[in-house]
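# Structural overview for review
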Amino acid sequence: AFFLTFAVWFAHAPLLSAIQASLDLTDTQVKALLILNVAMTIPARIVVGILVDKMGPRIIYAGLLIISGFLCIGFAFANSYTSLAIFRFLLGFVGAGFVIGIRLVSEWFPAHQVGTAEGIYGGWGNFGSAAAAMTLPAIALAFGGDDGWRYAIALVGVLCGVYGLVFYKYAR
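Residues numbered from 1 in each chain as written. Predicted model: local features only at pLDDT ≥ 70, side-chain atom pairs only at ≥ 80, totals over all residues. Heavy atoms only, no water.

### Quick notes on the side chain of His 12
Among the secondary structure elements, His 12 is positioned in the loop between helix H1 (2-9) and helix H2 (16-23). Owing to a relative accessible area of 0%, His 12 belongs among the buried residues under this scheme. Apart from the residues within four sequence positions on either side, His 12 is in contact with Ile 19, Leu 34, Asn 37, Phe 75, Arg 88 and Ile 153. (Helix = DSSP H or I, 4+ residues; strand = E, 2+ residues; numbered from the N terminus. Buried < 20%, exposed > 50% of the residue type's maximum accessible area, 1.4 Å probe, protein only. Contact = heavy atoms within 4.5 Å.)

Have a look at this one:
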């Protein structure tokens, strides 16, 4: 789950030049998208932390994955800077996956193993962003054309949403 949250969160980064060319964005607009990507994360982590305390991590993580999947697909098919900016801003919420996973890891492992488990968990998030950076440009090229970037990012959104359903059903 954490792998996918980071893949969604940073899916646009390796494709920014294609996005910029496709929608004729200025350098300033591209920089603003990068800032908007993290602008919501801090308040989202607080809100999600409160929701995890009230509703439990399984429901909140599944919901975060499903909602983020839809937002990622929305970003992929946005046709203006304004819509890209709105989706990027809202996708900052996906960064709150860290809060949920830390709680889960602390429940799943005994106290003498929590530090190691949380270290491994944290690494999976970073691996998600690295995997996106390494694979999405190739996936975009495989789809081809000016819209290859859209399909590559949408694919990440679909995977995230589907895994949200799997997580809800099987995570305990």
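So that's the structure; there's more coming.
### Concerning the nonpolar core
Counting residues in hydrophobic clusters, the biggest one holds 49 residues, and the most contacted among them are Leu 15, Ile 19, Tyr 61, Leu 84, Ile 100 and Ile 153. In this structure Ile 153 touches Ala 11, His 12, Leu 15, Ile 19, Cys 72, Phe 75 and Ala 76, once residues within four positions along its chain are discounted. (Core = buried A, V, L, I, M, F, W, Y, C linked by side-chain atoms within 4.5 Å.)

### A word on the layout of surface pockets
Computed from the structure, the largest pocket encloses a volume of approximately 200 Å³. Forming the walls of the largest pocket are 14 residues, and the residues nearest its centre are Ala 1, Phe 2, Trp 108, Tyr 121 and Phe 167. Elements represented by at least two residues in the lining of the largest pocket include exactly H1, helix H7 (97-108), helix H8 (114-143) and helix H9 (148-170). It is H7 that provides the largest number of residues to the lining of the largest pocket, a total of four residues. For the lining of the largest pocket, the per-class residue count stands at 13 nonpolar, one polar and no charged. Put simply, the second largest pocket is a space of about 150 Å³. Lining the second largest pocket are 13 residues; nearest its centre among them are Phe 3, Ala 7, Thr 135, Val 156 and Leu 159. Those elements that place two or more of their residues in the lining of the second largest pocket are H1, H8 and H9. Among the elements that take part in the lining of the second largest pocket, H8 stands out by supplying six residues, more than any other. (1 Å grid on protein atoms, 1.4 Å probe; cavity = no way out; pocket = protein on both sides within 12 Å on 5 of 7 lines; lining within 4 Å. Points joined across faces, edges and corners; volume = space filled by probe spheres on them. Nonpolar A, V, L, I, M, F, W, Y, C, P; charged D, E, K, R; others polar.)

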